[in-house]
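A look at the structure
Okay, here's what each chain looks like letter by letter:
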Amino acid sequence: MYLTRFRVNTGRSDARQLLGSPHRMHGAVNMSFPTPPSREGSAPRVLWRVDRNATSETLLYIVSPTRPDLTGLVQQAGWPASDEPGWTTFAYVDFLAALHPGDTWGFRLTANPVHNIRHEYVKEGERTKRAAHRTPRHQMDWLLKRQEQAGFEIVEKPVERRLLPEGDTYELIVRDQVPMRFRRPPAKAGGNDVQLTRVTFDGRLRITDTALFRRTLTHGLGKAKAYGCGLMTLAPVARETA
């Protein structure tokens, strides 16, 4: 497994087109692998996510079972004239192997929190419709319901640090809710639009089951993984001083 970080040159029109279309970005990421990534069975898949950090950098993160070559992406959305390669790839296996139950990490996850709804006219046994969770409370509940099966638990805040009587129980915030609608080619009569809502969670977690948690990090969490959702990354937690 590999974790790759690529800095996007947002001053280029091609880069802005990629950032505006998850379908195009999905294609550009997949073109970075000589062999098309497998999506069959229990094999890890390619995950990606776009972050904008505090220094206004736009970063593309990729987790993949094989090492990517982002030369084409540099030509399209990076700095081709630079002496630097334009991306950094880290071996992920050693990091995953060093995870243990009880470890606490800061995390970031961009996901597509959805639920299934049934209209009054839909008969029992017929298909339901998938809809996005719209409010931060429901989006948090979506993640909390999945934490056990994903091998972690969101850390609870000490009572004295809770700012609200309800809704401030966990070390978890929801930000950057982005409703997206884009065309997935080839366009066909009747429409071929994809609609989804991407949400970013920042918080603190504790590992409860390393096997399940490693799977979460390498297989993703939730729907719309092809469109920049599902990738969780970790950061060390600073020790609190007395």
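Quick caveat: nothing in here was measured; it's all calculated off a predicted structure.

Some remarks on the overall build of the chain
What the chain contains, in helices and strands, is 6 helices and 11 strands. Buried positions account for 42% of the 242 residues belonging to the chain. A separation threshold of at least 6 residues defines the contact pool for the chain, and within that pool the share at least 24 residues apart is 69%. Surface exposure of the chain reaches about 14300 Å², of which carbon and sulfur atoms provide 49%.

Overview of the packing of helix α1 (residues 13-20) against helix α2 (residues 22-30)
For the pair α1 and α2, the least separation of the axes is 5 Å and the interaxial angle reads 110°. When the axes of α1 and α2 are compared, the pair comes out roughly perpendicular. Residues Q17, L18, L19 and G20 of α1 form the contact with α2, whose participating residues are P22, R24, M25 and A28.

So, the packing of aromatic side chains
Within the structure shown, the criterion is met by 5 aromatic pairs. Both rings, one in W142 and one in F201, keep their centres 6.3 Å apart while their planes meet at 10°; by these two values the pair is stacked. Here the residue W142 occupies a position in helix α5 (residues 136-146), and F201 occupies one in strand β10 (residues 193-207), the gap between them amounting to 59 residues. Of the two residues examined, W142 and F201, each falls in the buried class. When the ring of F152 is compared with that of F213, the centres are 6.0 Å apart and the planes differ by 70°; the resulting orientation is edge-to-face. Pair noted here: F152 is in strand β8 (residues 152-154) and F213 is in helix α6 (residues 210-219), with a separation of 61 residues, a long-range link. Owing to a relative accessible area of 1%, F152 belongs among the buried residues under this scheme. On the accessibility criterion, F213 (0% relative accessible area) is buried. Chaining the aromatic ring pairs together yields one cluster made of Y92, F95 and W105.

What counts as what
Residues numbered from 1 in each chain as written. Predicted model: local features only at pLDDT ≥ 70, side-chain atom pairs only at ≥ 80, totals over all residues. Heavy atoms only, no water. Helix = DSSP H or I, 4+ residues; strand = E, 2+ residues; numbered from the N terminus. Buried < 20%, exposed > 50% of the residue type's maximum accessible area, 1.4 Å probe, protein only. Contact = heavy atoms within 4.5 Å. Areas by Shrake-Rupley, 256 points an atom, 1.4 Å probe, with all protein chains shown as cover. Axes fitted to C-alpha atoms, helices over the stretch in contact; angles between N-to-C directions. Parallel < 35°, antiparallel > 145°, perpendicular 65-115°, else oblique. Phe/Tyr/Trp six-rings, centres within 6.5 Å; stacked < 30°, edge-to-face > 60°.

Everything listed here is a matter of geometry and, on its own, says nothing about what the molecule does.
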